[in-house]
Amino acid sequence: MNEQAIKDLLYKLADDQLILGHRNSEWTGFGPILEEDIAFSSMAQDKIGHSLAFYTLLQEFGEADPDTVAFTRNANQFHSSQLVELPNGEYDFSLIRHFLYDNAEFIRFEMLAQSSYEPIAKVATKLKGEVKYHVLHANTWIKNLGSSTEEAILRLQSSLNEALPYALGMFEKSKYEQELIDTGVYAGEEAVKAEWLKRIQAVIEKTELKLPDLESTAPKYGGRYGDHTEHLQPLLDEMAEVFKIDPTAEW
Amino acid sequence: MLKSLDPRVTRLNLPEGALPPAEPKPVLDQFETYETFHQKKEGAAYTYVGPVHAPNEEVAFLFSKEQYSRRAACSGMWVARTSHIMVTPYVGDDENVYDVIRLEEPTERSEQPEPYEIFHLKKRGKAHTHAGRVVATSYQEALQEAKRQFGDKGPIVNVWVVKSKHVLQSAEEDKDMWLTVPEKKYREATAYKVMDKITKYKEEQKSTAP
Amino acid sequence: MYGGGNVFEATKFDTLQNEDPAKLAEFEARIARGEKIEPTDWMPELYRKQLIRMIEQHAHSEIIGALPEGTWITRAPGFRRKMAQMAKVQDEVGHAQLLYSAAETLGKSREQMLTDLINGKSKYSNVFNYPAFTWADSNIISWLIDAGAIVNQLANAKGSYGPYCRALDRICAEEAFHLKYGHDAVVHMATGSPKQREMIQAALNRWWTPIMHFFGPPDKMSTHTEILMRWKVKMASNDDMRQQFLDMYVPKIWELGLTVPDPNLKKNPETGKWDYTEPDWEEFKRVINGDGPCNAERLAVRRTAEERGAWVRRALLHPKAKYVKPLA
Ligand SMILES: [Fe+2]
Ligand SMILES: [Fe+2]
Ligand SMILES: [Fe+2]
């Protein structure tokens with residue numbers, strides 16, 4: 001099995017979760033309803049936890065420990081999609097991103113649970129239940145708000161329009177795509193994307209939202225290869241501010 | 001713009017200085033309340049854990065799951081809208097409410113008997129637990145049925161009665177949502193053990209002391 | 001989290017004269033027997049009013065209390081701290097939710113309480129009007145402010161109002177994590193690099209006065225609270241709680257080689273009590289009345305959260321919904 005290919009896969013999974021978990025944690029204490037504040041924080045914690053699980057697998061391949069990997073790399077070393085690094089915006093944008101991202105995430109976890117690479121399969125099987133709740137949460141909110149007031153529908157629609165090119169960027173293929181598919185490690189981005197479209201469409205159809213025309217939407221690629229928006233580096237600097245006071249210290 | 005020690009607050013782009021007085025609110029700016037019941041483990045009685053504010057029962061479930069089961073092991077959760085629960089008066093800690101209250105004639109009956117869930121409070125300050133399910137055509141009849149079936153077991157200071165159809169129950173196949181809860185050690189007190197560090201520090205101090 | 005220092009309304013005894021003496025006697029007998037009061041029980045108006053006020057202040061302290069430590073939520077160093085800091089701050093929001101619900105059973109809506117908070121009509125614990133300058137400040141809060149809150153909350157959990165007790169039981173269980181987490185973080189700093197040690201000592205120095213303020217003014221300065229104690233609304237005196245805190249935590253501070261910025265702090269072998277320099281109670285009054293370093297920001301943030309979240313609530317409100325209090 002190609003080690004490089006698996007490492008690449010692990011990095012993109014872990015980096016996505018770390019960055020989105022970090023972004024979502026910014027909402028703690030600022031949410032629209034106390035209960036939602038709590039739910040959103042739990043999911044952010046889960047995401048950070050998922051990234052930790054995948055960085056731990058990477059360590060078994062000889063990569064540095066999870067703290068070093070997460071807190072000391074620069075933006076161009078991150079394999080996360082650009083979707084996850086975008087600022088939170090207002091709650092409609094965060095919710096739409098959560099909906100677009102977690103639906104894809106759940107499909108990835110379902111597929112990875114069948115991976116021929118056992119350590120990944122194990123982690124995915126174990127954590128799938130958490131993501132299931134994330135998707136239930138996301139879909140329930142979108143269904144509810146997406147068919148409520150004009151104000152809410154308008155907000156969600158404009159966030160959806162804004163986020164969609166970035167969401168399509170999640171499915172940017174890796175150099176090792178075919179290899180991962182051939183060896184049964186991962187079903188590949190095409191497969192995830194096809195299933196993702198089905199599922200998000202099924203939700204959107206129950207609302208008054210419209211999925212923008214995919215033909216004319218250019219995906220925002222680059223993230224998987226270290227090419228990021230101007231938002232990622234400041235996020236990383238902030239995240240590592242204390243850690244970098246003394247990276248050798250135990251905090 | 002307000003520059004805060006908290007970078008998150010800085011990003012809220014709040015104006016510096018005093019805000020203008022808040023706009024008066026619409027008449028009701030909060031959701032209805034739902035009551036949550038939690039099952040610790042398979043076979044255990046569902047126990048009352050508290051309310052959430054939510055626009056409907058599916059959202060109430062989302063909220064209750066994280067507010068009331070993010071920590072302890074959980075194998076199931078029920079939510080019911082507060083206004084759907086009928087409540088008896090409360091009696092003293094050594095009394096049985098079924099003996100004290102006069103069971104009233106039903107004001108409304110359903111054509112077909114339907115299931116009701118019965119919850120008992122055994123002691124003031126504790127939580128209501130699920131006593132069981134009865135079939136009846138009204139709340140009052142359900143209460144009578146409850147008295148007959150489970151009304152003689154020790155002090156019962158208060159009873160809640162709710163139609164089963166008004167209780168959203170978590171699905172069997174969704175139990176995996178709670179699978180990893182007991183593993184989230186970072187939010188448990190037991191994960192933090194520093195005695196070793198303290199002892200080591202004290203010893204170092206002793207050995208370097210003049 | 002919450003200390004003493006709650007502002008009780010001066011108890012006007014004449015309000016009791018309007019109460020039905022038989023019912024009042026029954027109510028007091030119930031409390032004396034050690035039974036809890038539940039929401040639909042008869043209760044004197046004064047009891048209801050003071051409880052609402054106390055639980056509401058406690059709830060506000062939790063939601064505002066999420067902000068000082070929230071300051072460091074995006075900067076917590078390393079996975080272990082990052083996840084725990086998130087969980088800890090989340091718990092405080094959760095505590096607010098539980099406490100607002102408990103207060104709601106007494107007849108004041110959450111919405112009204114939040115409005116009163118934002119408009120500066122209701123108070124919250126003074127300490128949260130101080131800034132968390134560094135990560136170390138956040139650690140001191142997690143450990144010592146939560147420790148203080150636990151002293152208070154454990155006492156209140158034995159109070160007479162059922163819903164408040166139920167909420168506090170859940171809260172105290174979570175506080176155990178906060179306390180251990182905070183202690184763990186402080187120990188790491190205190191036994192770590194010279195820079196870390198310096199950071200934690202500086203933070204402790206900054207927080208000492210707010211910590212001493214936390215339990216409220218000395219008993220001799222507080223308003224008459226005898227009836228609130230008999231009704232098991234107020235469960236321990238400010239001074240008793242402060243003494244209990246000092247007894248439990250000063251030794252734990254000292255064993256780390258940290259110092260407390262009060263040369264007079266020592267346990268008096270004769271009285272068995274701690275002697276200390278009275279903190280500046282004028283400052284306490286000033287801050288509680290709105291003139292602390294962070295009052296304006298704390299309220300502005302809370303208000304912004306409410307206002308920017310209003311569209312979500314507007315979208316899903318049922319136009320015909322009637323207000324129903326939670327049951328318990
Ligand atoms: Fe997730
Ligand atoms: Fe708290
Ligand atoms: Fe706490």
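Residues numbered from 1 in each chain as written. Chains lettered and ligands numbered in written order. Predicted model: local features only at pLDDT ≥ 70, side-chain atom pairs only at ≥ 80, totals over all residues. Heavy atoms only, no water.

In the annotation of an unreviewed UniProt entry, the entry for chain B reads Ring-1,2-phenylacetyl-CoA epoxidase subunit PaaB, and the organism field reads Pontibacter mucosus.

Per an unreviewed UniProt entry, the recorded name for chain A is Ring-1,2-phenylacetyl-CoA epoxidase subunit PaaC, and the organism is Pontibacter mucosus.

Asker: Give a detailed account of the interface of chain C and chain B, specifying residues and quantitative values.
Answerer: Contacts between chain C and chain B engage 72 residues on the former and 60 residues on the latter. Carbon and sulfur atoms supply 59% of the area that chain C and chain B bury against each other, a total of about 5,700 Å² over both sides. The largest contributions to the chain C side of the interface with chain B come from C:E111, C:R303 and C:L327, which together make up 12% of the buried area. Across the chain C-chain B interface, the total number found is seven salt bridges. A salt bridge links C:E174 to B:R70; its shortest N-O distance comes to 3.6 Å. Between the two partners, chain C and chain B, sit 29 residue pairs in polar contact (both at pLDDT 80 or more). Contributions of two or more residues to the side of chain C that touches chain B are made by helix 3 (45–70), helix 4 (78–104), helix 5 (110–118), helix 7 (162–190), helix 12 (295–308) and helix 13 (310–316) of chain C. With 13 residues, the top contributor of residues to the side of chain C that touches chain B is helix 7 of chain C. Its residues placed into classes, the side of chain C that touches chain B shows 28 nonpolar, 18 polar and 26 charged. (Contact = heavy atoms within 4.5 Å. Buried area = accessible area lost by both parts, 1.4 Å probe. Salt bridge = Lys/Arg side-chain N within 4 Å of Asp/Glu carboxyl O. Polar contact = N/O pair within 3.5 Å; in protein donor to acceptor, adjacent residues only side chain to side chain. Helix = DSSP H or I, 4+ residues; strand = E, 2+ residues; numbered from the N terminus. Nonpolar A, V, L, I, M, F, W, Y, C, P; charged D, E, K, R; others polar.)

Asker: Describe the interface of chain A and chain C, listing the residues and the values that go with them.
Answerer: Chain A puts 49 residues into the contact, and the matching count from chain C is 41 residues. A combined buried area of about 3,900 Å² lies between chain A and chain C, and 69% of that area is made up of carbon and sulfur atoms. On the surface where chain A and chain C come into contact, there are three salt bridges. As a salt-bridge pair, A:E151 and C:R314 come within 2.6 Å of each other at their nearest N and O atoms. At the boundary of chain A and chain C, one finds 15 residue pairs in polar contact (both at pLDDT 80 or more). Mapped by element, the contributors of at least two residues to the side of chain A that touches chain C are helix 1 (3–25), helix 2 (34–60), helix 3 (66–72), helix 5 (91–112), helix 6 (118–145), helix 7 (150–169) and helix 10 (232–239) of chain A. Per-element accounting of the side of chain A that touches chain C gives the leading share, 13 residues, to helix 2 of chain A. Split into classes, the residues belonging to the side of chain A that touches chain C amount to 23 nonpolar, 14 polar and twelve charged.

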